[in-house]
Amino acid sequence: MPLALNNGDNMNIKITPSPLSGSIEGIASKSVAHRALICACLAKEPSKITINTTSQDIEATVSCLRGMGAYIEQQNNTYYIEPIKDLPPLAKIDCNESGSTLRFLLPVICSLGMNAEISGRGRLPERPISPLKEELIRAGASISDEFPLFVSGKIKNGDYSIRGDVSSQFVTGLLIALSHLDGESRLKLIPPVESRPYIDITLSVLNNFGAQIKEENNTFYINGGGFRGVEVSVEADWSNAAFWLCPGVEVRGLNPDSAQGDKAIIDVLKKMNAEIFHNGNCFKADVSHLKGATIDASDIPDAVPVIAAVAATAQGKTVITNASRLRIKESDRIASTVAMLRSLGADAYETDDGMIITGKPYLSGGTVDSFNDHRIAMAAAVAAAKCKGDVIITDANAVNKSYPDFFKHYNLLGGHADVL
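As the structure is a prediction and not an experimental result, all values here were calculated from the model.

Caption draft 1: Broad picture of helix H5 (residues 168–180). Look at H5: 19 Å from first C-alpha to last across 13 residues, which is about the 18 Å you get at 1.5 Å a residue. Here H5 lies mainly inside the structure; 13 of its 13 residues are buried. For H5, the capping residue at the N-terminal end is Ser-167, with a side-chain oxygen 3.1 Å from the backbone nitrogen of Gln-169.

What follows is the structure in structure tokens.
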């Protein structure tokens, strides 16, 4: 049956194992796109943002920004954006399942003094917004205790602090909001700070929009006053590129100097004995002789499922550590990654903050649950390429969250995926 995953129906995919190879253009970075769209809607002038591939999460942010009063027109891959001018009496904000959308926009809504009703679905209402919520309330906002969140009140410039080990998305939301407010602010990060590269992505985007931020001793000094309009193309996504680089596919269009933390997938593959070929913005790995390694996942949590997928057929033992924050993603990604691998016959088990995987030449195949998690569905497809028997992925439409064309591209690269 032809692949048609761009809908909300539960859908199962059957994969007949086949090696993946070839070359593909990297899709736009979801992380960069979220930030750029939000900044554009807060700018003083219109912006034009090119995003070569959309997804449910990006569309959730676009929908929310429209609900907040921005005018966004999409023509093919280009978004023409007129910033927010007049606030609606009550903004209806549906974040769908996008944690980034919720955590980025909550401080922004409070900086605008907007009355809003924020809803979401899936695991989103269960995902933490503390201590961000408490810091916003301390600064003058009113936020209800349960979903949907009812938000009112306006925060002002000044001194803020936030723990750095819960979610880098809290830091991003505050940096955007405080850069938008007039006047000077200070944002202090309470160590330890995890997922620092995602904060660096935010600083890069804010700089492009004209924000003035200096950093010293875990404190950001922000000279607020808003953003300028820009014309920009969103760079390719290293997070999704990892799902092709790990099985040995060439990915084009990747920025080697990107602030994205998941470009560290190259270093991880090197550590696992892969040979890396790099020509300009094209990257490819020879993964024919992968070996187990110890991987610190504190700055690359999104790459863990696919690293685990290829570790399952690498020689020796792979130990993934410092990944405890994966337990509060779209699924408990430590538990769901291990469950996915074990369903395919892998030797894998959980630890408190990660997992241990002992590789074998091939996996057996079987039926795996995506747990409605896009990264689990895609990692299962990568693991399926090294299975002896067929693999069925349930609720495979979860890939729509970040990469709707994943299985289409999977087949173009030599895979055999069919909708059941």
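Now that the structure has been shown, we can carry on.
Caption draft 2: Representation of the sheet that holds strand E8 (residues 142–143). Taken in spatial order, the four strands make up an open sheet running E6-E7-E9-E8, and their pairing is mixed. Edge strands, defined here as strands with exactly one partner in the open sheet, are strand E6 (91–94) and E8. The pairing of E8 with strand E9 (residues 149–152) spans two bridges and is classified as antiparallel. Within E9, the residue paired with Ile-143 across the bridge is Val-151.

Caption draft 3: View of the state of the cysteines. Enumeration according to the criterion identifies zero disulfides in this entry. Counting only cysteine sulfurs, Cys-95 is the nearest neighbor of Cys-64, a cysteine outside any disulfide, at a range of 4.2 Å.

Caption draft 4: Inspection of the sheet that holds strand E21 (residues 354–358) at higher detail. Taken in spatial order, the four strands line up as E18-E19-E21-E20 in an open sheet, and their pairing is mixed. The sheet terminates laterally at strand E18 (294–296) and strand E20 (347–351), the two strands that pair on one side only. If you compare each strand with its neighbour and ignore which way they point, the axes differ by 15° on average. Here E18 runs beside strand E19 (residues 317–321); their pairing, made up of three bridges, is parallel. The partner of Ile-295 across the bridge, within E19, is Ile-320. On the sheet, helix H10 (residues 333–343) packs against E20 and E21 and is oriented at approximately 165° with respect to E20.

Caption draft 5: Geometry of unusual backbone geometry. Residue Pro-148 is reached from Phe-147 by a cis peptide bond, and omega for that bond is -5°. Note that Pro-148 resides in the loop between E8 and E9. Of note, the bond from Pro-191 into Pro-192 is cis; its omega dihedral lies within 30 degrees of zero at 0°. Relative to the helices and strands, Pro-192 is located in the loop between strand E11 (184–190) and helix H6 (196–208).

Caption draft 6: Looking closely at the pairing of strand E17 (residues 282–286). Pairing of strand E16 (residues 275–279) with E17, which is carried by five bridges, proceeds in the antiparallel orientation. Residue pairing for E17: Glu-275 is matched across the bridge by Asp-286. Remark: two residues form the turn of the hairpin made by E16 and E17, two consecutive strands paired antiparallel; Gly-280 in that turn has positive phi of roughly 65°.

Caption draft 7: Focus on the pairing of strand E3 (residues 47–50). Of the two faces of E3, only one is covered, namely that formed by Ser-47 and Ile-49; the face formed by Lys-48 and Thr-50 stays uncovered. Where E3 lies against strand E14 (residues 231–233), three bridges are found, and the strand directions are parallel. By the bridge assignment for E14, Thr-50 is matched with Ser-233.

Caption draft 8: A look at the pattern of salt bridges. On inspection of all chains with the given rule, the structure shows 19 salt bridges. Across the salt bridge formed by Asp-57 and Lys-401, the nearest N and O atoms sit 2.8 Å from each other. You can see Asp-57 sitting in helix H2 (residues 56–67) and its partner Lys-401 sitting in the loop between strand E23 (391–394) and helix H12 (406–412), a full 344 residues away along the chain. Like Lys-401, Asp-57 is buried. The closest approach of N and O atoms between Asp-200 and Arg-196, which form a salt bridge, is 2.9 Å. Residue Asp-200 and its partner Arg-196 are both found in helix H6; the two are separated by four residues, about one turn of the helix. By relative accessible area, which is 22% here, Arg-196 ends up partly exposed. Among the ionic contacts, a cluster of salt bridges with common partners joins Asp-302, Arg-333, Asp-373 and Arg-375.

Caption draft 9: Looking closely at the packing of H5 against H6. The geometry of H5 relative to H6 is characterised by a closest axis approach of 9 Å and an angle of 20° between their N-to-C directions. As far as their axial angle goes, H6 and H5 are roughly parallel. Crossing of H5 against H6: the hand is right-handed. Counted together, Ser-168, Val-171, Thr-172, Leu-175, Ile-176 and Ser-179 of H5 and Tyr-198, Ile-199, Thr-202, Leu-203 and Leu-206 of H6 form the full contact between these two elements. Considered class by class, the residues forming the contact of H5 with H6 number seven nonpolar, four polar and no charged.

Caption draft 10: Examining the packing of aromatic side chains more closely. Under the criterion given, the structure shown has nine aromatic pairs. Geometrically, the ring pair formed by Phe-406 and Tyr-410 is tilted, given 6.0 Å between the ring centres and 40° between the ring planes. With Phe-406 and Tyr-410 both in helix H12 and four residues apart, this pair spans about one turn of that helix. Tyr-410 matches Phe-406 in its accessibility class, with the two residues each being buried. When the ring centre of Tyr-160 is taken as origin, the NZ or CZ atom of Arg-138, which lies over that ring, is 5.5 Å away.

So, how was this worked out
Residues numbered from 1 in each chain as written. Predicted model: local features only at pLDDT ≥ 70, side-chain atom pairs only at ≥ 80, totals over all residues. Heavy atoms only, no water. Helix = DSSP H or I, 4+ residues; strand = E, 2+ residues; numbered from the N terminus. Expected span 1.5 Å × (residues − 1). Buried < 20%, exposed > 50% of the residue type's maximum accessible area, 1.4 Å probe, protein only. Polar contact = N/O pair within 3.5 Å; in protein donor to acceptor, adjacent residues only side chain to side chain. Pairing = 2+ DSSP bridges. Disulfide = S-S within 2.5 Å. Axes fitted to C-alpha atoms, helices over the stretch in contact; angles between N-to-C directions. Contact = heavy atoms within 4.5 Å. Salt bridge = Lys/Arg side-chain N within 4 Å of Asp/Glu carboxyl O. Parallel < 35°, antiparallel > 145°, perpendicular 65-115°, else oblique. Left-handed = near helix turned anticlockwise from the far one by under 90°. Nonpolar A, V, L, I, M, F, W, Y, C, P; charged D, E, K, R; others polar. Phe/Tyr/Trp six-rings, centres within 6.5 Å; stacked < 30°, edge-to-face > 60°. Lys NZ or Arg CZ within 6 Å of the ring centre and 35° of its normal.

By themselves, these are just geometric observations and shouldn't be taken as functional.
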